[in-house]
Amino acid sequence: MAHATTSAQPQGATGLLLLADGTAIWGRGFGAAGAKAGEVCFNTSITGYQEILTDPSYAGQIITFTFPHIGNVGANPEDIEADVPHALGCIVRQDVTNPSSFRSAQHFSDWLSANNQIGISGVDTRALTRRIREAGAPNAVIAHAPDGVFDMPALLALAQGWPGLEGMDLAIEVTGAETRGWDGGKWTLGHGYAAMGEGARPHVVAIDYGAKHNIFRSLVEAGAKVTVVPAKTSLEDILALEPAGVFLCLGHQLLGLAAGARTMKMHQGHRGANHPVKRLETGVVEITSMNHGFAVDAATLPANVVETHVSLFDGSNCGIAFTDKNAFGVQYHPEASPGPQDSFYLFEKFVSGLTAPATAA
């Protein structure tokens, strides 16, 4: 079957990416059957596809993986970052093979089906990535029809009718449903995620605007006691929990907006596990994991907020700190480990600045 972008359906095609401009990209469907509309982006990571597909920050997005061999280590219940997967599906070059990892508990295609996520293989992902880089992330429909029958007019209407991510309130869709304590910490092979342990710890209330589980694990590992609350939790309810600190799980851009700065939609966004970020105070470069399509406009920062980190790819803002308050944020994912531990100091900095209770709670 041809891998080229075409309007004519090749023989045997059971997967389709239909862009809002009418461009049809054909392939072989796997995972769940059906159709979903969203924004097409690309991710350059060569590992961690299960974590990426369950990352709440990918809500509303169809992920094109630039690395061709996706799914070859299967899936397991430990490598997930949210209770419910949020990405709509994925586009890959090579067909998914049988899993080769001793940790695999499920075939990748079966895992996608169980989580209602659609996959397409046999796509020229390099060509699609170039298109996104040049023209920006398009709206599209990803569809899988095992019988190869697609209602093209209906799918095109679905793609063209999707409103796009700009202005969409996805935090309400991806937040947790209830307040809960978080116990799990660092993961080790054969033991899973460590329990929090005894001793006095500063209490951190993490507001879940779409947080990965590893955010909470990293806070525990850095020495905090963690309570996770839904996005709509009131200030009064948060203060009633008597936190030593509050962690915003979408905090960088929220801090920027609260300070009076503006955010802007990026042309293609930053998505991957190999993004270099420079700490302006020391000149140290961190290798980071990112997924964002918006950025804080550093030119609009007020006088009491300084820029602390910048992307070495395009100079966009990646960190801010208040000079008159104990508050700071970064744009990238400090809980991820592409460096592998380049950014864990941020959790240590945050927790070490808090006061633990006199006795263990």
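Before reading on, note that the structure itself is shown above.
We now turn to the structure provided with this report. Everything numeric in this text was worked out from a predicted model, so none of it was measured.

### What about the overall build of the protein chain?
What the protein chain contains, in helices and strands, is 9 helices and 18 strands. For the protein chain, the spread of C-alpha atoms along the principal axes amounts to about 70 × 50 × 40 Å. Considering only contacts in the protein chain between residues 6 or more positions apart, those separated by 24 or more positions represent 71%.

### Quick notes on the packing of aromatic side chains
Applying the stated criterion across every chain yields a total of 8 aromatic pairs. Ring centres of F30 and F108 lie 6.2 Å apart, and the angle between their planes is 50°; this geometry places the pair in the tilted category. Placement of the pair is F30 in strand 2 (residues 24-31) and F108 in helix 2 (residues 108-114), with a sequence separation of 78 residues. One exposure class covers both F30 and F108, and it is buried. Aromatic side chains W182 and F216 sit 5.1 Å apart centroid to centroid with 55° between the ring planes, which places their arrangement in the tilted category. Placement of W182 in strand 8 (residues 180-182) and of F216 in helix 6 (residues 213-221) is noted, with a sequence separation of 34 residues between them. The buried category is assigned to W182, whose relative accessible area is 14%. According to the relative accessible area criterion, F216 is buried, its value standing at 1%. An aromatic cluster of at least three residues, connected via ring pairs, comprises F30, Y49, F108 and W111.

### Overview of the environment of A336
One can find A336 in the loop between strand 18 (328-330) and helix 9 (345-352). Setting aside chain neighbours within four positions, we find A336 in contact with K212 and S289.

### Quick look at the pattern of salt bridges
The final tally for this structure, using the stated rule, is 13 salt bridges. R271 serves as the salt-bridge partner of E39, at 3.7 Å between the closest nitrogen and oxygen. Linking E39 in strand 3 (residues 34-43) with R271 in strand 14 (residues 263-279), this pair joins segments that are 232 residues apart in sequence. Here R271 falls in the buried class, since its relative accessible area comes to 5%. When the shortest N-O distance is used, the salt bridge between R180 and D83 registers 3.5 Å. In this pair, R180 is assigned in strand 8 and D83 in the loop between strand 4 (61-65) and strand 5 (89-91), connecting sequence segments 97 residues apart. Here R180 falls in the partly exposed class, since its relative accessible area comes to 25%. According to the relative accessible area criterion, D83 is exposed, its value standing at 57%. Each of the salt bridges in this network shares a partner with another, and the network as a whole consists of E39, K265 and R271.

### Things to note about the side chain of N291
Secondary-structure assignment places N291 in strand 15 (residues 285-296). A relative accessible area of 7% means that N291 is categorised as buried. Polar contacts involving the side chain of N291 include one to the side chain of R271, which spans 2.8 Å. If we ignore the near neighbours within four places in the chain, the residues touching N291 are S57, Y58, Q61, H270, R271 and H333.

### Looking at the sheet that holds strand 2
Two modes of strand pairing occur in sheets, parallel and antiparallel, and in both the strands are linked by backbone hydrogen bonds. One closed barrel accounts for 7 strands, arranged 1-2-6-5-4-3-7; its pairing is mixed. This sheet shows a mean twist of 40° between the axes of neighbouring strands, independent of strand direction. Across 5 bridges, the pairing between strand 1 (residues 15-19) and strand 7 (residues 139-144) is antiparallel. The partner of L16 across the bridge, within strand 7, is A143. Helix 3 (residues 125-135) rests against strand 1, strand 2, strand 3, strand 4 and strand 5 of the sheet, and its axis sits at about 75° to strand 3.

### Overview of the sheet that holds strand 13 (residues 245-248)
The strand order across the open sheet formed by 4 strands is 8-12-11-13, and the pairing between neighbours is mixed. Each end of this open sheet is capped by a strand with a single partner; those strands are strand 8 and strand 13. Mean inter-strand twist for the sheet, computed between neighbouring axes without regard to direction, equals 30°. Across 3 bridges, strand 8 lies against strand 12 (residues 225-230) in antiparallel orientation. Directly across from G181, in strand 12, lies its bridge partner T227.

### Some words on the environment of S218
Position of S218 among the secondary structure elements: in helix 6. For S218, a relative accessible area of 6% corresponds to the buried category. For the pair S218 and G184, spaced 34 residues apart in sequence, the C-alpha separation works out to 9.2 Å. In this structure S218 touches E335, F344 and F347, once residues within four positions along its chain are discounted. Within the local environment of S218, its side chain forms a polar contact with the backbone oxygen of N214, the two atoms lying 2.8 Å apart.

Conventions adopted
- Numbering of residues starts from 1 in every chain and runs along the sequence as written.
- Per-residue local features of the predicted model are confined to residues with pLDDT of at least 70, and side-chain atom pairs are confined, for both listing and counting, to 80 or more; whole-chain, interface and lining totals are unaffected and use all residues.
- Side-chain numbers here rest on the full set of heavy atoms in the structure, without hydrogens or water.
- Numbering of helices and strands starts at the N terminus; helices are DSSP runs of H or I of at least 4 residues and strands are runs of E of at least 2.
- The contact definition used throughout considers only heavy atoms, calling two residues in contact when any of these lie within 4.5 Å.
- Pairing of aromatic rings covers Phe, Tyr and Trp, the last counted by its six-membered ring, and requires centre-to-centre distances within 6.5 Å; plane angles under 30 degrees mean stacked, over 60 mean edge-to-face, and any other angle means tilted.
- Between buried and exposed lies partly exposed: a residue is buried under 20% and exposed over 50% of the maximum accessible area for its type, with that area taken using a 1.4 Å probe on protein chains only.
- For this analysis, a salt bridge means a side-chain nitrogen from Lys or Arg found within 4 Å of a carboxyl oxygen belonging to Asp or Glu.
- Counted as a polar contact is a pair of N or O atoms within 3.5 Å, where, for protein atoms, one must be capable of donating a hydrogen and the other of accepting one, and residues adjacent in sequence contribute only when both atoms are in side chains.
- By definition, two strands form a pair when at least two bridges between them are found by DSSP.
- Here an angle of 0 to 180 degrees is reported between the N-to-C directions of two axes, which are lines fitted to C-alpha atoms, with helices fitted over the stretch in contact.

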